[in-house]
Amino acid sequence: MADPPGCCRPCATCLLCLYSCQWITAKEKRKGLRTTKCDCSWFLFLFCVFLFTLVWLYFAIIILNDFHNFNEFIFKQRKLWLDWSLVLLIATAVLITYSAVLLVLALCLQLCGQPLKLHWLHKTLLILTALVVAAAFTGLGIKWAEEWRSARISLQATGPFLHVGIVGGMTLLAWPLATFIYRTRSTGLKVFLLLVYCAVMIALYLAPLGIASPCIMEENQLPPKPALVGHRGAPMLAPENTLMSLHKAVDCDVQVFETDVMVSADGVPFLMHDEELTRTTNVQAVFPERAALNSTTFNWTDLQQLDAGSWFLERRPFPTVQSLSAGDRYQVTKQRIPSLEQALEAAKQSNISIMFDLRPENHSDYQSFVNATLEVILQSGIPLQQVLWLPDGFREQVKQQAPGIQQVYGRKRLQNEKEPLLHVNLPYQDMSSEEIRQYRQDNISVNLYVVNQPWLFSVLWCSGVSSVTTNACQVLKEMKHPIWLLPSSTYLMIWIVVDCASFLAILWAFLLLK
């Protein structure tokens, strides 16, 4: 049997060499080397592994929004700072590239009429690829379960485009499928493959019936752009929880500076997120014997000796650090741990609000922390409506002593709420688009955190959220419009055109190859 038209013998031989790791010539193929049922099973396994890694790639891109939290978690556990998102993306790219290359080789061999003899080494590597991806999904489900909810939210941003892409990919499969069906002699296998393919395509053609996105709306229905809340300031542009970070956040047009407050051993409230000082200061160099102690065990004089900026240049927690100007780099090295009094003064001068947590909540002296914090706020002269109070502990006491402070709750409203909630602060995974719309209708301000990626900001914008807490204020500031906005009539037209074009292409493939 001669090689099929359009597939030269050297090309077919090279494809066989790469796929089978053997130099099998077309002449040897004619001696009886054929694709067996086992070979077909391995091709099916290859296809499934490719889809598996493709789904993981999608998840990897989605979880980049929250990956800084993972980097911080690893540092707390191992005292090792590394941008693990690069490791994740590189490993994922290697796995999906390998499986994609093998899949393309197999499809080319099928079109050339050559046998699919996958080498044992490729089989072993494919099994390892499947195990690695399965382990990644398992670890995600156990240690980072909220990311499954992030994936569901992402479908609101990507659903319409994934539908078009998958329909296109499945349409292209019509060519190798038709080639295989016309060449195989097994009637049962032909019928089975055709039924499966038709069922999948029908499901894809009807998939938009189940796709819901808040960004499928008319232009005049788009809610106002959410306000920006700087997460510990502008941590991509300056060391977190420093005065430089606050000023950079002001330059990004944020309306609220979100931070974390602790109280020193001598009663001075200061800005710090971690219970230990090791990640964001040089405490290991200045006080090596006390480095592992809680931040609240240090007095204010000791805290003022620490460098709270140089770590930012050394560890580069975000890629944006590399683009800092020489002046900014110099300013970074001069940063110290700011007191709450200094932060309030800067917020007052910049006319922005300040929202904070008071840590650690389980401390035995927490009430004295609340008292010290309230005292500083009342003495600072900042308008109390610019202070947003997050801590739940001793909230009633705060209401009595400083009724002008805005109370922000880290929970949803209850059915039998004694007094109406005016502000809620929740993870973005905890509220659906429908809940956001309902809260908006009831004049409840909803702030969701932490939102860094434009796709996520777009979904929440279309949903009508009041504000978002972000690390990437410099990116979201520049967004004048959601990434995409489609009227329902336009989306319906796209759906019909894509489905019709796909159906005609599949019909043409089967008629042409016959």
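An unreviewed UniProt entry lists the protein chain under the name Glycerophosphoinositol inositolphosphodiesterase GDPD2, from Eudyptes sclateri. According to the UniProt record, the Sequence similarities (unreviewed entry) comment for the protein chain is "Belongs to the glycerophosphoryl diester phosphodiesterase family." If you open the UniProt record of the protein chain and go to Subcellular location (unreviewed entry), you find "Membrane".

Student: Any chance you could break down the packing of helix α7 (residues 146-172) against helix α9 (residues 187-206) for me, citing the residues and the numbers?
Tutor: Helix-helix packing is described using two parameters, namely the angle between the two axes and the distance between the axes. Running from N to C, α7 and α9 point in directions that differ by 155°, and their axes come no closer than 10 Å. On the basis of the axis angle, α7 is roughly antiparallel to α9. As α7 packs across α9, the resulting crossing turns out to be left-handed. Taking contact as the criterion, the partners of H163, I166, V167, M170 and T171 in α7 are, on α9, Y197, V200, M201, L204 and Y205.

Student: Before we move on, could you go through the UniProt feature "transmembrane region" (unreviewed entry) in the protein chain and cite the residues and values that matter?
Tutor: The feature "transmembrane region" (unreviewed entry), as annotated in UniProt, sits at residues 40-64, 84-112, 124-142, 162-182, 191-211 and 492-513 in this numbering. End C-alpha atoms of residues 40-64 are separated by 37 Å, and the span's content is 92% helix alongside 0% strand. Measuring from the first to the last C-alpha atom of residues 162-182 gives 30 Å, for a span that is 95% helix and 0% strand.

Student: Summarise the UniProt feature "domain: GP-PDE" (unreviewed entry) in the protein chain; cite the residues concerned and give the values.
Tutor: Listed under "domain: GP-PDE" (unreviewed entry) in the UniProt record, and renumbered for this structure, are residues 226-480. Secondary structure within residues 226-480 divides into 34% helix and 16% strand; the distance between the first and last C-alpha atoms comes to 11 Å.

Student: Talk me through the state of the cysteines; I want residue IDs and the actual numbers.
Tutor: In the structure shown here, the tally under the stated rule is one disulfide. There is a disulfide in this structure between C215 and C462, and the S-S distance comes to 2.2 Å. Here the S-S torsion is close to 100°, and the disulfide linking C215 with C462 is therefore right-handed. Placement of C215 in the loop between α9 and β1 (227-231) and of C462 in helix α19 (residues 454-463) is noted, with a sequence separation of 247 residues between them. With respect to burial, C215 and C462 carry one shared label: buried.

Student: A description of the confidence of the model for the protein chain should follow, citing residues and the corresponding values.
Tutor: Segments scoring low in pLDDT should not have their predicted coordinates read at a detailed level. Here the protein chain averages 92 in pLDDT, and 96% of its residues register 70 or above. Low pLDDT (under 50) marks residues 1-6, which in the prediction has nine contacts with non-local residues, meaning those over four places away or in another chain.

Student: How would you sum up the environment of T242? Please name residues and give values.
Tutor: Relative to the elements of secondary structure, T242 occurs in the loop between β1 and α10 (243-251). Residue T242 is classed as buried on the basis of its relative accessible area, which comes to 1%. The spatial distance from the C-alpha of T242 to the C-alpha of P338 is 6.1 Å, given a sequence separation of 96 residues. When neighbours within four sequence positions are excluded, T242 is seen to be in contact with A308, Q335, R336 and P338.

Student: Give me the nonpolar core: which residues, what numbers.
Tutor: L448, F457, L460 and V468 are the most contacted members of the largest nonpolar core, which totals 41 residues. At the level of elements, α3 (37-62), α7, β7 (423-427), α18 (433-441), β8 (445-449), α19 and α20 (473-476) are the ones that each hand at least two residues to this core. At seven residues, the largest contribution of residues to this core is made by α19. In this view, F457 contacts K225, P226, L228, V451, V468, L476 and M479; residues no more than four positions away in its chain are not counted.

Student: Outline the side chain of N71, listing residues and values.
Tutor: Along the chain, N71 turns up in helix α4 (residues 67-78). At 3.5 Å, the side chain of N71 forms a polar contact with the side chain of D83. Leave out the neighbours within four places in its chain, and N71 touches W81, L82, D83, W84 and S85.

Student: Pulling in residues and values, what's your account of the pairing of strand β4 (residues 353-358)?
Tutor: Among the six residues that make up β4, six are buried, leaving the element largely enclosed by the rest of the structure. Across the two faces of β4 the burial is the same, with S353, M355 and D357 and I354, F356 and L358 all buried. Pairing of strand β2 (residues 256-263) with β4 involves six bridges; the strand directions are parallel. Note that in β4 the partner of F257 across the bridge is I354. Crossover β4 to strand β5 (residues 387-389) through helix α16 (residues 366-380) is right-handed.

Conventions we followed
Residues numbered from 1 in each chain as written. Predicted model: local features only at pLDDT ≥ 70, side-chain atom pairs only at ≥ 80, totals over all residues. Heavy atoms only, no water. UniProt positions renumbered as here; feature names shortened; annotations may be inferred. Axes fitted to C-alpha atoms, helices over the stretch in contact; angles between N-to-C directions. Helix = DSSP H or I, 4+ residues; strand = E, 2+ residues; numbered from the N terminus. Parallel < 35°, antiparallel > 145°, perpendicular 65-115°, else oblique. Left-handed = near helix turned anticlockwise from the far one by under 90°. Contact = heavy atoms within 4.5 Å. Disulfide = S-S within 2.5 Å. Buried < 20%, exposed > 50% of the residue type's maximum accessible area, 1.4 Å probe, protein only. pLDDT = per-residue confidence, 0-100. Core = buried A, V, L, I, M, F, W, Y, C linked by side-chain atoms within 4.5 Å. Polar contact = N/O pair within 3.5 Å; in protein donor to acceptor, adjacent residues only side chain to side chain. Pairing = 2+ DSSP bridges. Right-handed = clockwise from strand over helix to strand, strands pointing away.

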